[in-house]
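Close look at the chain arrangement
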Amino acid sequence: MKYAILGDIHANLEALQAVLRKCQELGVDKYLCIGDLVGYNASPRECVELVRSMNLEVVIKGNHDEQASGSTRLAGFNPQAAMAIEWTRQQISDDQRAWLNALPMLKNLGAKMTLVHATLDMPEKWGYIFDPLTAAASLHYQFTQLCFFGHTHVPLAFDKFGDVKGGPFDEVRIQAGHKYMINCGSVGQPRDGDPRASFITYSPEEMLVNLHRVEYDIAATQQKIRQAGLPERLWQRLATGR
Ligand SMILES: [Fe+2]
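Residues numbered from 1 in each chain as written. Predicted model: local features only at pLDDT ≥ 70, side-chain atom pairs only at ≥ 80, totals over all residues. Heavy atoms only, no water.

Bringing the overall build of the protein into the picture now. Across its full length, the protein carries eight helices and twelve strands. Here the C-alpha coordinates of the protein stretch approximately 50 × 40 × 30 Å along the principal axes. Restricting the contact set of the protein to residue pairs at least 6 apart, pairs at least 24 apart contribute 70%. Total accessible area on the protein stands at roughly 10400 Å², and carbon and sulfur atoms take up 49% of it. Between the centroid of the 25 positive side chains of the protein and the centroid of its 27 negative side chains there is a distance of 2 Å. (Helix = DSSP H or I, 4+ residues; strand = E, 2+ residues; numbered from the N terminus. Contact = heavy atoms within 4.5 Å. Areas by Shrake-Rupley, 256 points an atom, 1.4 Å probe, with all protein chains shown as cover. Lys, Arg positive; Asp, Glu negative; His and termini not counted. Charge placed at Lys NZ, Arg CZ, Asp CG, Glu CD.)

Structure (structure tokens):
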């Protein structure tokens, strides 16, 4: 069995399609999504439709999904992100809005795996995990061996065995007695300085998690963002992965 865990797709259809092609090459059996299907980029309808058509076992709600499917005042969003959310609200159908709104914030898959967008201690507060200290707060509330999460758009893996250690990774070998929080990076707006789309695969039989990076047609995505009249910063950042 091979799982692919995808997240922070952010309405980037070209990146999502490139990732799904790579997953087919890798022989992925099941897909899981840790949220933020929409926001920032210009293909929210298409990305929601594509993910829905895949009938995933788990799709988690991200903060952009929450805001795009709601009508609140966008507290905590920077002006460019807020503009994109307001634009996204106009783009998605009522049916898509209801579907996004009904997504869960946290889900366990069997006894082994937890999926969340941001943190486990306060999933609805949308905090960021960038270091072992913030990971430790979440690990305290983690009752499975593995937790996959996103939100920061930076792939990082944290390993708790007594202390919590962690940092960038290409591969994690799951060991008995350890607990892990693994951020799969972002499909649609990476921020670790590598502009390629990011996702992970997990093989329970091999006890192995792998990070994958995939090139996609960034220029095509940028063109759509410009045509939609969304802020410049949103298309510019895709080329640098920041
Ligand atoms: Fe995000």
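Counting through the fold element by element, Thr201 comes out in strand S11 (residues 197-203). One polar contact links Thr201 to His212, side chain to side chain, over a distance of 2.7 Å. Setting aside chain neighbours within four positions, we find Thr201 in contact with Lys2, Tyr3, Ala4, Leu26, Val28, Leu208, Val209, Asn210 and His212. (Polar contact = N/O pair within 3.5 Å; in protein donor to acceptor, adjacent residues only side chain to side chain.)

Quick look at the nonpolar core now. Taken as a class, soluble globular proteins show a tendency for nonpolar side chains to be buried jointly. Counting 44 residues, the largest nonpolar core has Leu6, Leu16, Val19, Cys23 and Tyr31 as its most contacted members. Listing elements by their share of this core, those giving two or more residues are strand S1 (3-6), helix H1 (13-26), strand S2 (30-33), helix H2 (44-53), helix H4 (79-91), S11, helix H7 (218-227) and helix H8 (232-240). When residues in this core are grouped by element, the largest group, seven residues, is from H1. With sequence-adjacent residues up to four places away left out, Tyr31 is seen in contact with Ala4, Leu6, Leu20, Cys23, Gln24, Met54, Leu56 and Glu57. Of all hydrophobic cores here, the second largest spans 22 residues; its members include Leu32, Leu115, Cys184 and Tyr202. (Core = buried A, V, L, I, M, F, W, Y, C linked by side-chain atoms within 4.5 Å. Buried < 20%, exposed > 50% of the residue type's maximum accessible area, 1.4 Å probe, protein only.)

Time to look at the packing of H2 against helix H5 (residues 94-101). Relative orientation of the contacting elements H2 and H5 amounts to 60°, with a least axis distance of 11 Å. For H2 against H5, the interelement crossing comes out left-handed. Between H2, through Arg45, Val48, Glu49, Val51 and Arg52, and H5, the contact on the second element is made entirely by Asp95, Gln96, Trp99 and Leu100. (Axes fitted to C-alpha atoms, helices over the stretch in contact; angles between N-to-C directions. Left-handed = near helix turned anticlockwise from the far one by under 90°.)

Moving on, we come to the pairing of strand S12 (residues 208-214). Most of S12 is tucked away: six of the seven residues are buried. One ladder, built from three bridges, connects strand S9 (residues 171-173) with S12; its direction is antiparallel. Looking at S12, one finds that Val172 is bridged to Val209. Bridge analysis of S11 against S12 gives seven bridges, and the strand direction is antiparallel. Looking at S12, one finds that Phe199 is bridged to His212. Linkage of S11 to S12, two consecutive antiparallel strands, is achieved through a turn of four residues, within which Met207 is found at a positive phi near 50°. (Pairing = 2+ DSSP bridges.)

Within a sheet, each strand pairs with its neighbour through backbone hydrogen bonds, oriented either parallel or antiparallel. The six strands are arranged S3-S2-S1-S11-S12-S9 in an open sheet whose pairing can be described as mixed. Only two strands of the sheet have a single neighbouring strand rather than two, namely strand S3 (58-59) and S9. Relative to S2, S1 runs parallel, the two sharing four bridges. Bridge pairing links Tyr3 to Lys30 in S2. Against the sheet, H1 touches S1, S2, S11 and S12, its axis set at about 30° to S11.

On to the layout of surface pockets, then. Put simply, the largest pocket is a space of about 310 Å³. Along the walls of the largest pocket sit 19 residues, with Asn63, Gly76, Phe77, Tyr128 and His151 positioned nearest its centre. For the lining of the largest pocket, the element with the highest residue contribution is helix H3 (residues 63-68), accounting for four residues. For the lining of the largest pocket, the class distribution of residues is six nonpolar, eight polar and five charged. (1 Å grid on protein atoms, 1.4 Å probe; cavity = no way out; pocket = protein on both sides within 12 Å on 5 of 7 lines; lining within 4 Å. Points joined across faces, edges and corners; volume = space filled by probe spheres on them. Nonpolar A, V, L, I, M, F, W, Y, C, P; charged D, E, K, R; others polar.)

As a further point, take H2. Within H2 the residues assigned to the buried category are Pro44, Cys47, Val48 and Val51. The arc that holds every buried residue of H2, seen down its axis, measures 95°, which confines them to one face. Turned more than 90 degrees from where H2 packs its buried face, Glu49 and Ser53 sit exposed. One or two steps after H2, the chain reaches Asn55, where phi turns positive at roughly 50°. (Arc of directions from axis to C-beta.)

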